[in-house]
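Chain and residue survey
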Amino acid sequence: MMSITNILLSVDIYEKTIQILREYGNELLEALVLWVGIESNNVFNIKEVWFPNQANSPISYYVTDIDVHLINVKLNQKKYSAIAQIHTHPGSAYHSNIDDQYPIMVLPGSFSIVIPELGKISVQKNLNAMVVYRLIFGDWILQDRKEVNEIFKIE
Ligand SMILES: [Zn+2]
């Protein structure tokens, strides 16, 4: 994942992502989805948004180890990899201590995206309403808006 310099995201998958997260947000629950797809020549093409089995609360989500394992089995079957986890927060968006310590994504270069206001954001041709972190040498590093706009291509 570390070598990936461009990520292609369709408006369709973007909208579906927000739609899933808002369904939970409307119930005042956090939720998590994954963006999965195929890497080729340092370009990652997001093919699908996945909603893993999870427990949801107003201030957290939880995916069991077994369900993380099942995600990996499914990724293998479809010859996909996961590029990003995306989850909502009730208020502002940031990576909490729990987000740092218990990510679903563990491969260097993976992304973790946090969406504020339980997903009640407008879909634009960018990720500016969100915060985007990347796993670099074991730490989740906040990516600045310019970097994010260079990496994620929404079309
Ligand atoms: Zn969080």
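Structure's up top.
Quick look at the structure, then.

Procedures and definitions
Residues numbered from 1 in each chain as written. Predicted model: local features only at pLDDT ≥ 70, side-chain atom pairs only at ≥ 80, totals over all residues. Pairing = 2+ DSSP bridges. Helix = DSSP H or I, 4+ residues; strand = E, 2+ residues; numbered from the N terminus. Axes fitted to C-alpha atoms, helices over the stretch in contact; angles between N-to-C directions. Expected span 1.5 Å × (residues − 1). Buried ≥ 20, exposed ≤ 12 C-beta atoms within 10 Å, placed from the backbone. Arc of directions from axis to C-beta. Contact = placed C-beta atoms within 7 Å. Core = buried A, V, L, I, M, F, W, Y, C linked by C-beta atoms within 7 Å.

1. Quick look at the sheet that holds strand β8 (residues 131-136)
Read from one edge to the other, the open sheet built from eight strands follows the order β9-β8-β7-β6-β2-β3-β1-β10, with strand pairing classed as mixed. In this open sheet, the two strands that pair with only one neighbour each are β9 (139-142) and β10 (152-154). For this sheet the average axis-to-axis angle between neighbouring strands, irrespective of direction, equals 30°.

2. With respect to helix α1 (residues 11-25)
Here α1 spans 20 Å end to end across 15 residues, near enough to the 21 Å set by a 1.5 Å rise per residue. All of the buried residues along α1 are Tyr14, Thr17, Ile18, Leu21, Tyr24 and Gly25. Taken down its axis, α1 places every buried residue within 120° of arc, on the same side. Those residues of α1 that are exposed and angled more than 90 degrees off the buried face are Asp12, Glu15 and Gln19.

3. Focus: the pairing of strand β7 (residues 111-115)
Counting buried residues in β7 gives five out of five residues, a clear majority hidden from the surface. Burial of the side chains of β7 extends over both faces: Phe111, Ile113 and Ile115 are buried on one face and Ser112 and Val114 on the other. Sheet topology note: the strand β6 (residues 81-88)/β7 ladder contains five bridges and is parallel. Counted as the bridge partner of Thr88 is Ile115 from β7.

4. Brief notes about the environment of Asp67
Position of Asp67 relative to the elements: it lies in helix α2 (residues 65-78). According to the C-beta neighbour criterion, Asp67 is partly exposed, with 15 such atoms within 10 Å. When the C-alpha positions of Asp67 and Gln54 are compared, they lie 7.9 Å apart, and in sequence the two are 13 residues distant. Excluding residues that lie within four positions of it along the chain, Asp67 makes contacts with Pro52 and Asn53.

5. Examining the nonpolar core
Counting residues in hydrophobic clusters, the biggest one holds 32 residues, and the most contacted among them are Trp35, Ile83, Ile86, Ile113 and Val132. Of all elements in the fold, only β1 (6-9), α1, β2 (32-40), β3 (43-50), β6, β7 and β8 reach the threshold of two or more residues within this core. Of the residues forming this core, the biggest block, five residues, is contributed by β2. Discounting residues that sit within four places of it in the chain, Ile83 has contacts with Met1, Ile7, Trp35, Gly37, Phe44, Ile46, Ser110 and Phe111.

6. Some points on α2
The first and last C-alpha atoms of α2 sit 20 Å apart over 14 residues, in line with the 20 Å expected at 1.5 Å per residue. Once α2 ends, the next one or two residues include Lys79, with phi positive near 55°.

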